[in-house]
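This is what each chain is made of:
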Amino acid sequence: MCGIIGYIGHRRALPLLLNGLKRLEYRGYDSAGIAVPHGHGLYIAKRAGTVAQLAAMVDSLDLPATMGIGHTRWATHGEPSDRNAHPHTDASRRIAIVHNGIIENYATLKAKLQQDGYTFHSDTDTEVLAVFIGALYEQYGDLELAVRAALSEVRGTFGLVVLSADHPDILIAARRGSPIVIGIGDGEYIVASDATAIVEYTRSVFYLTDDEMALLTRSGCQTKTIDDIPTSAQLLELEFDLERIEKGGFPHFMLKEIHEQPQTFWDACRGRLLALEGNIKLGGLRSVEDTLRRARRLILTGCGTSWHAALVGEYWIEELARIPVEVEYASEFRYRNPVLSSDDIVIAISQSGETADTLAAVREAKLRGATVLGIVNVVGSSIARETHAGVYIHAGPEIGVASTKAFTSQLVVLMLLALYLGRMRHLSATQAREIAEEMLRLPDKMRSILERSQSIHSIACQYAHAQHFLYLGRGVNFPIALEGALKMKEISYIHAEGYPAAEMKHGPIALIDENMPVVIIAPRDELYEKVLSNMEEIRARRGQIIAIANDNDPDIARHATHVIPIPETLPLLTPFLTVLPLQLLAYYAAVERGCNVDMPRHLAKSVTVE
Ligand code: M6R
């Protein structure tokens, strides 16, 4: 969601804050701001627009401060505007805060403060919290106490940092439901909502847990609960380096991440896929091995692209392990009063590990006694910490808002899980070996698709001004059709729908005419003939067909307007290859339309609010 940065140490804070905001811009980006101590008060600059625009406002200023806070905002309460941008201040303008999350009881608090004579200058819930902290500070004369007292009264979620002109030697950070990570340098601390803003300064970090706060000074750090009970921080080493969060010569992060997939595929398999033995090793699941052996049902949950990965996982696990699987949107699961027992295993899938609905589903499932596992990318994230066990996908930081490499890495882990569960049951080593050996060939096959992306580029340019797209697939490629449609709509703003191909005649066929491009996933598998029939139905209505088909398919060109060839693989493994052209098609269409690919409008990388 939004991005937070805070610094206390010996460097000039302003350049570090602006650099941190640039790194965080992918999380939310309609406005940005900074605050640093200056003279006897605070210097605050904030505005609607990009970090670059904020930087242009302050770059020439000679602000010597060696501490400060900054924020990039993705609007929740109040439109994107200068006055709604963070930091927000209390009535005295001597306390400033940056905040991610939502203060749910802000209206009640605001009304009470207004009765006491306080006035407000923005539409945000964050300003209410700032004024509330200020009012309590007036009352107690103690900043830490005021912050703790305010946070005990608010309902909702927060990741925040507080700065006070009266205390230019301390930063206070706190979290409930919205991540805060603290980097430890030499006589300095960097606070952020995401480690990408920290890694170029230090790799040594710790994450705050819910209802925990940190008091950071140049000489040390103290952590405690909001109720004043001391806690001890668990130090972690960040595993990625600066290169992983830079574009490396690509025009966009999304394109870079699409091209990283042969490598990230392999990173997710490394040490886990024992192809020669036909076995799988998943160290993160050792503690729940017996529970998995006994499992009678699995429930996979997630949002957006992660939910699509779950749908592919459903096919694989049912096919290879013969365990019934249900897939549910986390947002529905959490409110549905699900029937769960201690025999059930719920698996939460999330790139960020911070998606509010998925985290809430994890908590709900735990409360009802299920064993809850995570398939997560961000190490140390909330879902990774709150699940009983899990498997990291090791895709490295994903910066483009549209998820690409995290999706294929989620698929790798789901396939490994299906094989692992299968081997615990009836799947023979020979059957597992056949799949495992083919998986080892996939990175090269993925690379060969990426090398031929020029033809996808020209198809994308031809249809970039279409109003609608239809995506069709069957079996394990039905979720890939959904994913292709999601990619297209989120970055190019073209309306796109994904359907199981056979469902077309139950409604969507009415939409087809010469202006409707239809992307059909048609690898040679047991449903191939049926997909060809669907293509004929589309051709008969003058629809334009873009077929994703095997490169050795001699017939397909007769049925399609365009063919995007992919190498042959086992039918079950085709999603690893069929999704790549769809990612590229969406990418090139968005670029052709002049869209901001890495930061599509209204979207944020990690949705930490409901
Ligand atoms: O971090 P998560 O995997 O939990 O995020 C879930 C969705 O918000 C995410 O996949 C979203 O749909 C992406 N924009 C898709 O590209």
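On a predicted model such as this, the values are computed, not experimentally measured, just so you know.

1. Some details on the nonpolar core
Leu 285, Ile 317, Leu 421, Met 439, Phe 469 and Tyr 471 are the most contacted members of the largest nonpolar core, which has 100 residues in total. At 14 residues, the largest contribution of residues to this core is made by helix 13 (residues 405-424). Shared between two domains, this core holds at least three residues of each, these being domain 2 (253-447) and domain 3 (452-592). Sequence-distant contacts of Ile 317, that is, excluding residues within four places in its chain, are made with Leu 298, Leu 300, Arg 322, Ile 323, Val 325, Leu 417, Ala 418 and Leu 421. Listed in part, the 34 residues of the second largest apolar core include Leu 17, Ala 32, Val 58 and Ile 399.

2. A few points about the pairing of strand 18 (residues 325-329)
Taken together, the five bridges between strand 17 (residues 298-302) and strand 18 define a ladder with parallel strand orientation. When the sheet's bridge partners are listed, Leu 298 is paired in strand 18 with Val 325. Regarding topology, helix 9 (residues 304-321) serves as the crossover connection from strand 17 to the parallel strand 18, and that connection is right-handed.

3. Quick word on unusual backbone geometry
Along the chain, His 86 connects to Pro 87 via a cis peptide bond; the corresponding omega equals 0°. For Pro 87, the location among the structural elements is in the loop between strand 4 (67-73) and strand 5 (88-89). Although it is not a glycine, Arg 322 adopts a positive phi angle of roughly 55°. Residue Arg 322 is classed as exposed on the basis of its relative accessible area, which comes to 59%.

4. Things to note about the pairing of strand 10 (residues 189-192)
Along strand 10, one buried face is formed by Tyr 189 and Val 191 and the opposite face, lined by Ile 190 and Ala 192, is buried too. The pairing of strand 1 (residues 3-8) with strand 10 spans four bridges and is classified as antiparallel. Within the sheet, the bridge partner assigned to Ile 5 lies in strand 10 and is Ala 192. The pairing of strand 9 (residues 181-184) with strand 10 spans four bridges and is classified as antiparallel. Bridge pairing in strand 10 places Ile 182 opposite Val 191. In textbook terms, the turn of a hairpin is the stretch between consecutive antiparallel strands, and for strand 9 and strand 10 this stretch comprises four residues, one of which, Gly 187, has a positive phi near 70°.

5. Topic: the pattern of salt bridges
Throughout the structure, instances matching the rule amount to 32 salt bridges. Of the charged contacts in the structure, one is a salt bridge between Asp 210 and Arg 175, with a shortest N-O distance of 2.9 Å. Of this pair, Asp 210 sits in the loop between strand 11 (204-207) and strand 12 (212-217) while Arg 175 sits in strand 8 (residues 171-176), and the two are 35 residues apart along the sequence. Where Glu 364 meets Arg 368, a salt bridge forms, and the shortest distance between an N and an O atom there is 2.7 Å.

6. Focus: the sheet that holds strand 23 (residues 495-500)
The five strands lie next to each other as 23-22-24-25-26, forming an open sheet whose pairing is parallel. Pairing within the sheet leaves two strands with one partner each, and these edge strands are strand 23 and strand 26 (562-566). The sheet shows a mean angle of 20° between the axes of neighbouring strands, taken without regard to direction. Helix-sheet contacts for helix 16 (residues 478-492) involve strand 22 (468-473), strand 23 and strand 24 (517-521), and the interaxial angle to strand 23 is about 175°. Helix-sheet contacts for helix 17 (residues 528-540) involve strand 22, strand 24 and strand 25 (544-550), and the interaxial angle to strand 24 is about 170°.

Cut-offs used in this document
- Residues numbered from 1 in each chain as written.
- Predicted model: local features only at pLDDT ≥ 70, side-chain atom pairs only at ≥ 80, totals over all residues.
- Heavy atoms only, no water.
- Core = buried A, V, L, I, M, F, W, Y, C linked by side-chain atoms within 4.5 Å.
- Buried < 20%, exposed > 50% of the residue type's maximum accessible area, 1.4 Å probe, protein only.
- Helix = DSSP H or I, 4+ residues; strand = E, 2+ residues; numbered from the N terminus.
- Domains from an automatic or database assignment.
- Contact = heavy atoms within 4.5 Å.
- Pairing = 2+ DSSP bridges.
- Right-handed = clockwise from strand over helix to strand, strands pointing away.
- Salt bridge = Lys/Arg side-chain N within 4 Å of Asp/Glu carboxyl O.
- Axes fitted to C-alpha atoms, helices over the stretch in contact; angles between N-to-C directions.

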